[in-house]
Every structure is written in structure tokens, then in C-alpha cells.
Amino acid sequence: MSVVRPVVFMGLMTLVLFSSCSGSDDETSPAVVKPTDNPIVFSGGLKEQQEVSTRAATGLHDAGVGTFRVWAYKNDAVSNGSYTSYQTVINGYSAWWEPAASTSNTNSWEYVNGSSQTIKYWDLSAKAYRFGALAPSTASHTATISGTDTKTLDVTFMADASDAQHETNTPYYSELWFSDNVSYPDRRYRQPVQMQFKKPFAYVRFIFTFEDPDDKPITYISNKSFKPFDGGLIENKGEVTVSYPLTGTATVESFAVTDNTPSGLSALTQDYYDALDTYLNASEGSAPEKYWYTVLPAVNQGTYTLNVSINDEPKNTTVPAAYMDWLPGYRYTYIFKIHKDGSVSIDNVQSAFTPWVVDTGNHAVYNW
């Protein structure tokens, strides 16, 4: 099974959640708020510290997604950086956008639902908290806890990039939000929690450039095929699993394609060479979507080959396996150069975050 380790993406919402002060795993009995208690805030800056609500500026609601499902856990013990003895705080609560003010929110996200979804409060004696989510809350999925020495919450769902409505029909999933209450270097315990959502897709395209620009108008490019050297499929539909660590030392989620009967493309055949971006970035939107291929993220794919005819002469080049790792939420552009002698070679590879997330960290750009 190939596993993709995610990078940071931003997709902010604001939600106030609490866990039991007593340390109990009771999902139905509300705890009593004490003056020293602070809410667990899923937010970019919620000021109303005692409101059970959200103030989403940019996030799911802006993307037209009005619900999400959230899981929360706490660890009661830690030894040498390994977290043990997890307890469930929130077991798949549904949250929804409530445009009208109610008794527990003011025009924001709501999750309180009678006795079945009660308000939760921080357990100040817990050693760590962690949260994961899937949106919308109605998305078909399974959520199971697995593992022996270490435990994970495995959320499995279908991702279908072949569907014309894939952006709508395939769920978003969140990164793991983690912080401990001991000595974690980026301690965020009792601080605002930023649930960061993304789609389980990667986007890929390829471009031709010319060593001599004057050759462009007189060069005929045909029979393009960019594909795995081993003849495998480029997966664009299948079952995926996001695993959120509940114990152990890991503090980020992992992503894997888990479907045993994947489907996909035998090759990428549509290039985009009428214009060349000097560098891709999150705001890049000039390239028509038809030139992008939406695929499932993958690592350890092996070598890819490009076969192409240049003025009816068959040519080929390879892209090393080291440059064929695709992460969720990234766009990848493979740039091939046509030389004066008519040969073709890989020039460089660029990567960027998708336009619907905010670039908040470093990302790889591979150059030869």
C-alpha cells in the first residue's frame, strides 16, 4: 500500500468544541463549565471564548459545503513522546451551517443536537488532543479504529476523479489537528484549532517548450503519451483511507489508496504547450481545466515515459521515479523541451497547491 504524507493546506472554519472535564468517555452527559475552562476552538480567531459557535471567514461554507463530521480524542498518558491510553471525546458529531441565530450560536456552525450531540469541554488533565473531520457530514464512509501497538482512526470513502462532478461528489477530509499539554514544540493545547480541509486529489499536466522558440510554429507534435513505464494504470477512481494516529509518536495523518480494484487512465495524452507558466502558484488559473488531469495521489510510482512524434519522427524521454510522487491537493506540471535536433527531454517539474487552498509553506520544485 502506498502512503502519502500530507503537507500543510489552509481551509479555515471556526467551531467551538469541548471535551469532558471529568475525563469520562460519556458522549451524552454534558459537563459543567468551570471558570478555569477554555473551549477548544476550531478557528482562525474566535474572540467569543464561551460561545458554542463559529465565525467562518474562509472555509467550507464559502466552498458551498454546509456540513462536516468530526471526531475528537484525548490521550491520558505520554512516555518518551509516545501517547497512550486514548479516549473518545466526540465520536463523529455532525456540524452544520446555521444562518439564523439560535440559543447556542450567532449565525455560524452548530453541532449541539439535543441529548445525542452535547457540548464538550476540555479535560485539563489530558496529555494531548487530536481531531479529524470529513465533509460533508452526509458523505458515505466508514470510520474504524485499528492497530495493536499503535491505534489509528481510519476514515475510508470513495474518491472519483473520473466523474465530471468530482469536486462536488468526492468529500473533503481534514488534516489531523494535534497538540499536547506537556512539551510539544508547537504547543497549541487550549489554543484555536484550525481544521484544514482538502480533496483527496492531485492534478497533473505536461507542457512542451522549445530550445529555439522560432521552431514552435514549424513543429508538429503528435501521438503524445505520458505514462508509467511498467504499463500500470494512472488511478483516478478508488477507495481511499485517511488514517489519524490516536496513540504512538505520529502527529500527522496518512493517506492511502486502499481499493483493490482501482480504475484509471493508461496514459496522459493531452498536453498544454500554447503558453508556459514561468512558475506555478496558488493563484494560477490561466490554464483551462481540460489540460489538467485529476488523479488519485500516489507515491513510489516508478519511472514514467513520454512518447511523442516530432514532425512525424517518434521520440521519447523518461522521468525518474523520484519525481513521480503526487501529494493530495497539489498540482504538478512536467515540462519537456524540444531541442534543435528534434529530440525531446525532460526540462523541469513544477508543483503548486491547488487554487482552492492557501499556500502556507514550502513546496518542492524539481529542476535538472
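Above this text sits the structure in question.
This report concerns the structure included in the present document. Within each chain, residue numbers correspond to sequence positions counted from 1 in written order. Owing to the predicted nature of the model, reporting of local features is limited to residues with pLDDT of at least 70; listing and counting of side-chain atom pairs is limited to 80 or more, with chain, interface and lining totals taken over all residues. With hydrogens and water stripped out, all remaining heavy atoms of the structure feed into the side-chain values.

1. Quick look at the packing of aromatic side chains
For the record, the criterion: Two aromatic rings, drawn from Phe, Tyr or Trp (for Trp, its six-membered ring), form a pair once their centres lie within 6.5 Å of each other, and the interplanar angle then sorts them: stacked below 30 degrees, edge-to-face above 60, tilted otherwise. Each residue's exposure class comes from its accessible area (1.4 Å probe, protein chains only) as a fraction of the maximum for that residue type: buried when under 20%, exposed when over 50%, partly exposed otherwise.
Per the stated rule, a full pass over the model turns up 15 aromatic pairs. Centroid distance Y330 to Y332: 5.7 Å. Interplanar angle 20°. Geometry classified as stacked. Residue Y330 is classed as buried on the basis of its relative accessible area, which comes to 3%. On the basis of relative accessibility, which here comes to 3%, the residue Y332 falls in the buried class. Taken together, F206, F208, F226, Y304, W326, Y334 and F336 form an aromatic cluster joined through their ring pairs.

2. A closer look at the pairing of strand β9 (residues 152–160)
Rule in force here: Numbering of helices and strands runs from the N terminus; a helix is a DSSP stretch of H or I covering at least four residues, while a strand is a stretch of E covering at least two. Pairing between strands requires that DSSP locate at least two bridges from one strand to the other.
With eight of nine residues buried, β9 is to be regarded as a mostly interior element. Here strand β8 (residues 142–146) pairs with β9 via five bridges, running antiparallel. Its bridge partner being in β9, T142 is matched across the sheet by T156. Turn length for the β8-β9 hairpin, with the two strands adjacent in sequence and antiparallel, is five residues, and the turn residue G147 shows positive phi of about 110°. Here β9 pairs with strand β15 (residues 234–245) via nine bridges, running antiparallel. Among the inter-strand pairings, T156 is bridged to a residue of β15, identified as T241.

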